[in-house]
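Listed below, chain by chain, are the residues.
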Amino acid sequence: MTSRHLRRAADEAGRCVPGVPRAALVGRYCAPHDFLSALDRLVDSCPVAPGGAFLRKPSRGHGAVASRDHRVMPPSPGGMWTLSGRGWWRGRALAAWAPGAAHRGLPGPPRPTTRQAAPGSRAPNRLSSSAARQEKIDMSRFPVENIRNFSIIAHVDHGKSTLADRLLELTGTIDKTKNNKQVLDKLQVERERGITVKAQTASLFYNHEGKQYLLNLIDTPGHVDFSYEVSRSLSACQGVLLVVDANEGIQAQTVANFFLAFEAQLSVIPVINKIDLKNADPERVGKQIEKVFDIPSDECIKISAKLGTNVESVLQAVIERIPPPKVHRKNPLRALVFDSTFDQYRGVIANVALFDGVVSKGDKVVSAHTQKTYDVNEVGILNPNEQQTHKLYAGQVGYLIAGMKDVTEAQIGDTLYLHKQPVEPLPGFKSAKPMVFAGMYPVDQSEYNNLKSAVDKLTLNDSSVTVRRDSSLALGAGWRLGFLGLLHMEVFNQRLEQEYNASVILTTPTVPYKAVLSSAKLIKEYREKEITIINPAQFPDKSKVTEYLEPVVLGTIITPDEYTGKIMMLCQARRAVEKDMMFIDQNRVMLKYLFPLNEIVVDFYDSLKSLSSGYASFDYEDAGYQTADLVKMDILLNGNLVEELVTVVHKDKAHSVGKAICERLKDSLPRQLFEIAVQAAVGSKIIARETVKAYRKNVLAKCYGGDITRKMKLLRRQAEGKKKLRKVGNVEVPKDAFIKVLKKQSDK
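For clarity, every value in this text was computed on a predicted model and none was experimentally measured.

Cut-offs and rules
Residues numbered from 1 in each chain as written. Predicted model: local features only at pLDDT ≥ 70, side-chain atom pairs only at ≥ 80, totals over all residues. Heavy atoms only, no water. Axes fitted to C-alpha atoms, helices over the stretch in contact; angles between N-to-C directions. Helix = DSSP H or I, 4+ residues; strand = E, 2+ residues; numbered from the N terminus. Left-handed = near helix turned anticlockwise from the far one by under 90°. Contact = heavy atoms within 4.5 Å. Nonpolar A, V, L, I, M, F, W, Y, C, P; charged D, E, K, R; others polar. 1 Å grid on protein atoms, 1.4 Å probe; cavity = no way out; pocket = protein on both sides within 12 Å on 5 of 7 lines; lining within 4 Å. Points joined across faces, edges and corners; volume = space filled by probe spheres on them. Salt bridge = Lys/Arg side-chain N within 4 Å of Asp/Glu carboxyl O. Buried < 20%, exposed > 50% of the residue type's maximum accessible area, 1.4 Å probe, protein only. Core = buried A, V, L, I, M, F, W, Y, C linked by side-chain atoms within 4.5 Å. Patch = residues over 30% accessible without salt bridge, like charges linked within 9 Å, V, L, I, M, F, W, Y side chains within 5 Å. Areas by Shrake-Rupley, 256 points an atom, 1.4 Å probe, with all protein chains shown as cover. Lys, Arg positive; Asp, Glu negative; His and termini not counted. Charge placed at Lys NZ, Arg CZ, Asp CG, Glu CD. Pairing = 2+ DSSP bridges.

K.L.:
What is the right way to look at the packing of helix H11 (residues 448–461) against helix H12 (residues 486–500) in this model?
P.N.:
Running from N to C, H11 and H12 cross one another at 115 degrees; their axes reach a closest spacing of 11 Å. When the axes of H11 and H12 are compared, the crossing they make is right-handed. Along the contact surface, H11 presents Leu 451, Ala 454, Val 455, Lys 457, Leu 458, Thr 459 and Asn 461, while H12 presents Phe 492, Arg 495, Leu 496, Glu 499 and Tyr 500. Here the residues of the contact of H11 with H12 sort into 7 nonpolar, 2 polar and 3 charged.

As C-alpha cells, then:
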C-alpha cells in the first residue's frame, strides 16, 4: 500500500467521520498494518458516521455481514473495517484503494447489477425494487366486468385506514409487517393528528374464483370539515364500504356520509368493525343500521381490521355486491380529474377516472376548462405508490402527467379528452361552500412571493379552499381564505408550515354574513340588493341596510341519553332551535338543531365533548341564512380604530366578547410613557374598556419634606406633559401582540 493510497483512504475516512484529522489515521511513512490499527482505534472511539451510516468490522472467516438497509457485504478475512448503512458505497471505495483488495475478499467497486445475498442472510424481496418499477403493467387484461371502484367511508376513528391496510396486505400490494399502520395516510399532519385529511387512492389486484380482478380503493377522511374530499371521491366509485364501530355504533358523520353515498346512488356495504373490543356489541349496532339506514342487519359484515378477522369476506362482498362501472372503451376519451398534486420537477400530477376511451403516453389531450392542449408524458396506477402502465382504459382509476407547469391549469372536476375528438364535458363537482373565513398574512412581507407560490400549490391539492387578495395597514398584503371549518383551517396552516416552511399570521375566523341594502342608490353602487360580507371591516352601517342575515346550519348530535339535558342547555345557550329528537336504540339519542354558524365555529365541538365525556358526536350541513340582530364591534386604542381586530357579533353577546378582546390586548400591548385606553365600541357607544398603565417617573424623589404645594406643582406638571405626549404619541400594535390576541380564543 503506497503512501498515496493511504492518504486518499485517510481523507475519505475523515469525510465519513467529521472532526477527525487525517494525521490521527496515517502519517507520511505509515505502513498498511498501522493504518488498519488506526482505523480500528477510530471506530472504537466514534462508530457512527453522518446520515445514519456506521462502520463495521466483520469477524474473521465468518459469513457475509448484512447492513441495516439489507445490503449484503462479503466476508473480510483480513478484518478490514468497511462502511455500511446509507454510506456503504463509500466504504467499498475506501477498501478498494488497498492493493490486492479483491484477492483478500474485500468488496470491489460498485456495480449497478442486483446483489445476491450470501447463504444464511435475508435478501431483499420488495415490490418497489428498481426492476419491478421498470416493468409496466398491461391494464388491457382487466375487462370492464372485472373492475370494481369503491370508497371506504365512516365517522372519525372507526377504522377506515386500518381496514385499508388489511386490504392492501391481503391483495399482496404491500408486505405484511407490524409496521403497516395507516399506510395511505402519507401526510405528516395526518401522522401527527391521527386523522385522515386527504383522500388516497390505491389499485389492488385480487384473484377470486379463478378470475383476476382490479379493485380501485379510495380511503376517505371522516371529519365533517373534509366532507368535500368524500363527495369528490364518490364520483369515481360505484359502491362504498360503510364502516361502523362495534363499540360506538352509528355516529353523526356516519349518517352524513351514508346520505352522500345514497344521493350518488352507490351500492352500500355495511361493515361492523372492532368486534375484538371488550365492550363490542355488533348485534346492537346491526339493529341501529337497520333502523336508521333501512339496511337488513344480516347484510352487515362483522370484522376486526386490527387483527384481520373476517377481512377476506369484505373483498368477496366488494366483487359480488358492487357493480362494475358503466363505461364504453370504444368511445372517444373522457377522463374526470378528481384530485391533483404538484411536483416541482414533473408539474401537475392529476388523479383521473376514465369514463370512456383509452389514454396512453404520447397522446395529445385537451382540457375542457382551459381549452389548452397537452402531451401525455406518463400514465399509471397508484399501487399505492405511482406505478407506470402502458395505457389506462375506461373504468380504471389512475394518474396522468401531461406537462401542466402552472397550478391554475389543473382544475379539479375538469374533463380531459383527446385532441380533435371533442366530447361533452362531465358534470364535475359543485364548488365547495366555505363556512369560515380568515385573513392570512406573511410574518415578513419579503416572504410574500414565496408564500403566494406555497398557497397556490397547496390549494391545487386542497381545492375546497377559496382565496381572495386582501391587505391590511398593520399586517401588509395578504389573502382572505375560505375554509370548510376550523379544523380545516388549522390543518391548512400546519401543512403550509411543514411542507413549504412558511410562517403566517392568521386572523380571527369569521363567517360570511349578508346585508339587504335599503336604497336604490346603494343597490346601483354595489350592483346587487343583497351583498355578502366576508371581511368584518367592510360591514355596512345599520342606516344603509334594511336587515342583516347570518348563516345557519342544521346540526346533528348523537349522544348517550344520560347527557341529553346538558347538551340541550348548551344548544340553547348558543341560540339554537330544536328541530327533531329520535332514539336510535335504547341508550342513544339523535338530536337535530338549527344553529347560527357563528356560535359553533370556534369552540362548540370542544364544549360538546367536555359535557358528554367524549361520547357525543357532531355533524352539520348548510341550511341557508336567517335574519339576525348583528352589530359591528370596533376596537380602539386611545380613540384610534384597529381595523384588524374589528368583529361582527350578535347584539346580546357584544359586551362579553368586547371585554374578552380588551383583556387580551391589555396583556399583550407593551407599556408606554403615557396611558393607553383599550376600548370596545359599537357605533359611538363604548361597551368595554381596559387601561394599560404608563411608565411613571418619581418626580417627588428630590423633595425631602417641605410644603405640599411644591409636590402638587411637580405632579401637575408631569400630568400635563403626559397629556401632551398622549396627543402626539402614536400607539402601534406590534405583530407579536396581534399574534397573541388572534391565537387566544376564549370561550364566549
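K.L.:
Got a minute to help me understand empty space enclosed by the protein in this structure?
P.N.:
Unfilled space is identified by rolling a water-sized probe across the atoms. Within this structure, the stated rule accounts for 8 cavities of 30 Å³ or more. Reported here for the largest cavity is a volume of approximately 180 Å³. Looking at the largest cavity, it is lined by 16 residues, and the ones nearest its centre are Arg 480, Asn 535, Pro 536, Glu 643 and Glu 644. Residue classes in the lining of the largest cavity are distributed as 5 nonpolar, 7 polar and 4 charged.

K.L.:
So what exactly am I meant to see when it comes to the pattern of salt bridges here?
P.N.:
Where charged atoms of side chains with opposite charge meet at close range, the side chains can pair. The tally for this structure, following the rule as stated, stands at 18 salt bridges. Salt-bridge contacts for Asp 245 lead to Lys 274; the nearest nitrogen and oxygen are separated by 3.3 Å. Placement of the pair is Asp 245 in strand E8 (residues 239–245) and Lys 274 in the loop between strand E9 (267–273) and helix H9 (282–293), with a sequence separation of 29 residues. Summarising the burial analysis for this pair, Asp 245 and Lys 274 share the class buried. Here Arg 575 and Glu 599 are joined by a salt bridge, their closest N and O atoms 3.1 Å apart. Of this pair, Arg 575 sits in the loop between helix H14 (564–573) and strand E28 (577–583) while Glu 599 sits in helix H15 (residues 597–600); the two residues are 24 residues apart in sequence, bridging distant segments of the chain. Several salt bridges converge on common partners, so that one network encompasses Glu 550, Arg 575, Glu 599 and Lys 653.

K.L.:
Even after reading the chapter, I still don't get unusual backbone geometry, so can you show me in this structure?
P.N.:
Negative phi characterises most residues that are not glycine, and trans characterises most peptide bonds. Residues Asn 383 and Pro 384 are joined by a peptide bond in cis, for which omega reads -10 degrees. Positionally, Pro 384 belongs in the loop between strand E16 (378–382) and strand E17 (386–388). Backbone geometry places Asn 638, a non-glycine residue, at a positive phi of 50 degrees. Structurally, Asn 638 can be placed in the loop between strand E31 (630–637) and strand E32 (640–641).

K.L.:
What should I look at first to understand the nonpolar core in this one?
P.N.:
For soluble globular proteins, the rule of thumb is that nonpolar side chains tend to be buried together. In terms of nonpolar packing, the biggest core is built from 37 residues, with Ile 557, Phe 595 and Phe 604 touching the most fellow members. Apart from the residues within four sequence positions on either side, Ile 557 is in contact with Ile 567, Cys 571, Val 589, Met 590, Leu 591, Phe 595, Phe 604, Leu 608, Ser 617 and Phe 618. Ranked by size, the runner-up nonpolar core spans 29 residues in total, among them Ile 301, Ala 305, Leu 315 and Val 318.

K.L.:
Explain the side chain of Thr 254 to me, please; I cannot follow it from the model alone.
P.N.:
By the secondary structure assignment, Thr 254 is in helix H8 (residues 252–263). A relative accessible area of 0% places Thr 254 in the buried class. In this structure, Thr 254 is in contact with His 155, His 158, Leu 242, Val 244 and Phe 293, ignoring residues within four places of it in sequence.

K.L.:
Where do I start with a positive patch on the surface in this structure?
P.N.:
A cluster of basic side chains, namely Lys 702, Arg 710, Lys 713, Arg 716 and Arg 717, defines a positive patch on the protein surface. For Lys 702, a relative accessible area of 57% corresponds to the exposed category.

K.L.:
Explanation requested: the sheet that holds E9 in the structure shown.
P.N.:
Hydrogen bonds between backbone atoms are what pair the strands of a sheet, whose relative direction is either parallel or antiparallel. Strand order in the open sheet made by the 6 strands is E6-E7-E5-E8-E9-E10, with mixed pairing throughout. With one partner strand each, in any of the chains shown, strand E6 (200–208) and strand E10 (301–302) form the two edges of the open sheet. Two strands pair when backbone bridges link them, and E9 and E10 are joined in this way by 2 bridges, in the parallel orientation. Note on E10: the bridge partner recorded for Val 271 is Ile 301. The strands touched by H8 within the sheet are strand E5 (147–154), E8 and E9, with E5 carrying the most contacts at an inclination of about 150 degrees. In this fold helix H10 (residues 312–321) packs onto E5, E6, strand E7 (211–219), E8, E9 and E10, with an angle of close to 90 degrees to the strand it touches most, E6.

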